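Reading the structure
Listed here are the chains, written in short residue letters.
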Amino acid sequence: MSEQHSKPDNSKMITRLLASVVLMFAFGFALVPLYEKFCEVTGFNGRTNNSAAAGSDGNLVDTTRLVTIEFHTRVNRGLPWEFSSEVRRLQVHPGETTTVNFTASNHTNRDMTGQALPSVAPGEAAPYLLKTECFCFQNQPLAAGDTAVMPMQFYVDPDIPNHIRTFTLSYMMYDMTEAAAQGRVVVDTSE
């Protein structure tokens, strides 16, 4: 008596598994832009709007309150630059237009391009920081050994909730040399 072993047909299962892998891969790519859009809309994760705001109307300055802004700068690993703000802490009246200068120095023997991306903590304060001019709106090219002073002009919206008395504005500087050389604009929201 011969025994016949029949193998189950696994082709449908393999097709389903491959389709699942492709869908998960596509979903992974979609997460980044979806998350960025979510942060832009809600101000979650301290993302600020990287486009120029209209200037503050001088009549809307709230001289009865002061908001403290702490500035924090960092350079992404692999970017041999120094990057700092001229002040570490500043008090402003909501609605008052203020300018703070940041300095970037390229310590290499080659031209490079950097891009600073902002973040605000607590994230609840992000929608109330309105930048009218900022180096973060565009890539920043720096020649070998060069130093640049980069202004950021801003105001704090007078509608900022009273319980927000202090917030931190952080900038992370990234190396965009390769992307700029290829003609790709990674971040340009200067409009």
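Residues numbered from 1 in each chain as written. Predicted model: local features only at pLDDT ≥ 70, side-chain atom pairs only at ≥ 80, totals over all residues. Heavy atoms only, no water.

Under an unreviewed UniProt entry, the name given to the chain is Cytochrome c oxidase assembly protein CtaG, and the organism recorded is Aliidiomarina sedimenti. On record in UniProt, under Sequence similarities (unreviewed entry), the comment for the chain is "Belongs to the COX11/CtaG family." Under the UniProt heading Subcellular location (unreviewed entry), the entry covering the chain gives this text: "Cell inner membrane". (UniProt positions renumbered as here; feature names shortened; annotations may be inferred.)

Things to note about the state of the cysteines
Tallied over the full model, the rule gives 1 disulfide. Note on cysteine connectivity: Cys-134 is disulfide-linked to Cys-136, with sulfurs 2.5 Å apart. Of note, the bridge from Cys-134 to Cys-136 carries an S-S torsion of about 130° and is right-handed in sense. By relative accessible area, which is 8% here, Cys-134 ends up buried. Exposure remark for Cys-136: the relative accessible area of 0% places this residue in the buried category. (Disulfide = S-S within 2.5 Å. Buried < 20%, exposed > 50% of the residue type's maximum accessible area, 1.4 Å probe, protein only.)

Digging into the nonpolar core
Counting residues in hydrophobic clusters, the biggest one holds 31 residues, and the most contacted among them are Phe-83, Phe-102, Phe-135, Met-152, Phe-167 and Tyr-171. Counting only elements with at least two residues in this core, the list comes to strand E1 (67–75), strand E2 (81–85), strand E4 (98–106), strand E5 (112–121), strand E6 (129–134), strand E8 (147–156) and strand E9 (166–175). Ignoring any residue separated from it by four or fewer positions in sequence, one finds Met-152 in contact with Phe-71, Thr-98, Thr-99, Val-100, Phe-102, Lys-131, Glu-133, Cys-134, Phe-135, Leu-169 and Tyr-171. (Core = buried A, V, L, I, M, F, W, Y, C linked by side-chain atoms within 4.5 Å. Helix = DSSP H or I, 4+ residues; strand = E, 2+ residues; numbered from the N terminus. Contact = heavy atoms within 4.5 Å.)

Focus: the sheet that holds E9
Read from one edge of the open sheet, 5 strands run E3-E1-E9-E5-E7, paired in mixed fashion. Looking along the sheet, the strands with just one partner apiece sit at the ends: strand E3 (89–92) and strand E7 (140–142). Each adjacent strand pair in this sheet contributes to an overall mean axis angle of 30°, direction not counted. Pairing geometry for E1 and E3, over 4 bridges, is antiparallel. Bridging across to E3, Val-67 finds its partner in Val-92. (Pairing = 2+ DSSP bridges. Axes fitted to C-alpha atoms, helices over the stretch in contact; angles between N-to-C directions.)

Re unusual backbone geometry
Looking along the chain, the bond that leaves Ala-121 and enters Pro-122 is cis, with omega of 0°. Considering the arrangement of structural elements, one finds Pro-122 in the loop between E5 and E6.

Regarding the pattern of salt bridges
A full pass over the atoms with the stated rule returns 2 salt bridges. Taking the shortest distance from any N to any O, the salt bridge between Asp-62 and Arg-65 comes out at 3.8 Å. Arg-89 is paired through a salt bridge with Glu-70; the nearest N and O atoms lie 2.1 Å apart. Within this pair, whereas Arg-89 is found in strand E3, its partner Glu-70 is found in strand E1, the two being separated by 19 residues in sequence. (Salt bridge = Lys/Arg side-chain N within 4 Å of Asp/Glu carboxyl O.)

A few points about the pairing of E8
Across 8 bridges, E4 lies against E8 in antiparallel orientation. Paired with Thr-98 across the strands is Phe-154, a residue of E8. Judged from the 5 bridges that link them, E6 and E8 form a sheet pairing that is antiparallel. Note on E8: the bridge partner recorded for Leu-130 is Tyr-155.

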